[in-house]
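A look at the structure
The lines below spell out each chain.
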Amino acid sequence: NAGVTQTPKFRVLKTGQSMTLLCAQDMNHEYMYWYRQDPGMGLRLIHYSVGEGTTAKGEVPDGYNVSRLKKQNFLLGLESAAPSQTSVYFCASTYQGSVEAFFGQGTRLTVV
Amino acid sequence: GQQVMQIPQYQHVQEGEDFTTYCNSSTTLSNIQWYKQRPGGHPVFLIQLVKSGEVKKQKRLTFQFGEAKKNSSLHITATQTTDVGTYFCAGRSSNTGKLIFGQGTTLQVKP
C-alpha cells in the first residue's frame, strides 16, 4: 500500500516547455486534488476531481489542465511553462466527504 | 468563493511557551481539519472537527471549532522543539467537495 505517489519528484523546465505531473493513489479514493505551495501563500488549490472522468477548477487554475481518466490517477499538465509556475506541487486524495486527506511527497518544479 | 484565512503567518516562541493559531472561513464549514507540515515534508493530517463548539485534545494540542462553524483554533501548551513546522487549517465545502487550506502558521521554537 503505497498511498499517494507523485512523479517526478524534481524537474527543471525551460520557459515554454510542457510537462505532465502524475499522481497515483491506491486507496480507492474518490476525491483527488492538486495544490501548489509557495512561500507565504500556503497551499492553493489548482484543480480537483470528485470522481473518475470529472474535474473542476480550484483557486488558481490558469495555465494548468488536468485529467482523471482512471480513478486512481490524476494528471496535472502545464502546456507552456512560465517562471511564475515555479513551485512545489502537492497531490492529495480522500474518500468522499471523509476525514483526512493523504498527500504525496511533492514535486519541486523550477521553470527557468 | 470560499476563503480560509489563518493568523499569524509566523510565530517564534521559546521552548515551553504556549502557541495559538487561528483560522477563519468566509463561509460556514461542514467540518474543519488541521494538518502539520514539517520542514521539507508534506502536510500530515492531525484532526477533524465537525460539531459546533467542539473541542478536541491530543496531548498538548487543543483544537476548537467555533459555534458558528466559521472559525477554529489550535493551541499548543508548553511547546517543544518537535512542534516546529507549519500548521494548516482546511475547510471542506459539503456542496462542491473543495478542500481549501489557510495560508498556514509557521512555528519556530527556540530551545
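Residues numbered from 1 in each chain as written. Chains lettered and ligands numbered in written order. Predicted model: local features only at pLDDT ≥ 70, side-chain atom pairs only at ≥ 80, totals over all residues. Heavy atoms only, no water.

Re the side chain of Gln37 of chain B
Checked against the element boundaries, Gln37 of chain B lands in strand β4 (residues 31-37). Within the local environment of Gln37 of chain B, its side chain forms a polar contact with the side chain of Gln37 of chain A, the two groups lying 2.8 Å apart. When neighbours within four sequence positions are excluded, Gln37 of chain B is seen to be in contact with Gln37 and Phe90 of chain A together with His42, Pro43, Gly85, Thr86 and Phe88 of chain B. (Helix = DSSP H or I, 4+ residues; strand = E, 2+ residues; numbered from the N terminus. Polar contact = N/O pair within 3.5 Å; in protein donor to acceptor, adjacent residues only side chain to side chain. Contact = heavy atoms within 4.5 Å.)

Looking at the nonpolar core
Among the nonpolar cores identified, the biggest contains 37 residues, and Tyr35 and Phe103 of chain A together with Tyr35 and Phe101 of chain B are the most heavily contacted of them. Counting 19 residues, the second-largest nonpolar core is a separate cluster that includes Leu21, Trp34, Ile46 and Leu109 of chain A. (Core = buried A, V, L, I, M, F, W, Y, C linked by side-chain atoms within 4.5 Å. Buried < 20%, exposed > 50% of the residue type's maximum accessible area, 1.4 Å probe, protein only.)

Some details on the sheet that holds strand β1 (residues 4-7) of chain B
Residues and elements named next belong to chain B. Pairing is antiparallel in the open sheet, where five strands are placed in the order β1-β3-β8-β7-β6. With one partner strand each, in any of the chains shown, β1 and β6 (55-58) form the two edges of the open sheet. Averaged over all adjacent pairs, the angle separating strand axes in this sheet is 15°, with direction ignored. For strand β7 (residues 61-65) and strand β8 (residues 71-76), the ladder comprises five bridges, and the chain directions are antiparallel. Counted as the bridge partner of Phe65 is Ser72 from β8. (Pairing = 2+ DSSP bridges. Axes fitted to C-alpha atoms, helices over the stretch in contact; angles between N-to-C directions.)

With respect to the interface of chain B and chain A
Contacts between the two partners involve 19 residues from chain B, matched on the other side by 23 residues from chain A. When the two sides are added together, the surface that chain B and chain A hide from each other amounts to roughly 1700 Å², 57% of it contributed by carbon and sulfur. Its largest share of buried area at the contact with chain A, chain B owes to His42, Arg92 and Phe101 of chain B, together 27% of the area lost on that side. Joining chain B to chain A, the criterion identifies zero salt bridges. One can count four residue pairs in polar contact (both at pLDDT 80 or more) joining chain B with chain A. Here the residues of the side of chain B that touches chain A sort into seven nonpolar, ten polar and two charged. (Buried area = accessible area lost by both parts, 1.4 Å probe. Salt bridge = Lys/Arg side-chain N within 4 Å of Asp/Glu carboxyl O. Nonpolar A, V, L, I, M, F, W, Y, C, P; charged D, E, K, R; others polar.)

Examining the pattern of salt bridges
Residues and elements named next belong to chain A. For the coordinates displayed, the defined rule picks out four salt bridges over all chains. Between Asp38 and Arg36 there is a salt bridge, with the nearest N and O atoms lying 2.9 Å from each other. Close ionic contact of Asp38 with Arg44 constitutes a salt bridge, the shortest N to O distance being 2.8 Å. Accessibility expressed as a relative area gives 12% for Asp38, which makes it buried. Overlapping salt bridges, with partners in common, bring together Arg36, Asp38 and Arg44 in one network.

By themselves, these are just geometric observations and shouldn't be taken as functional.
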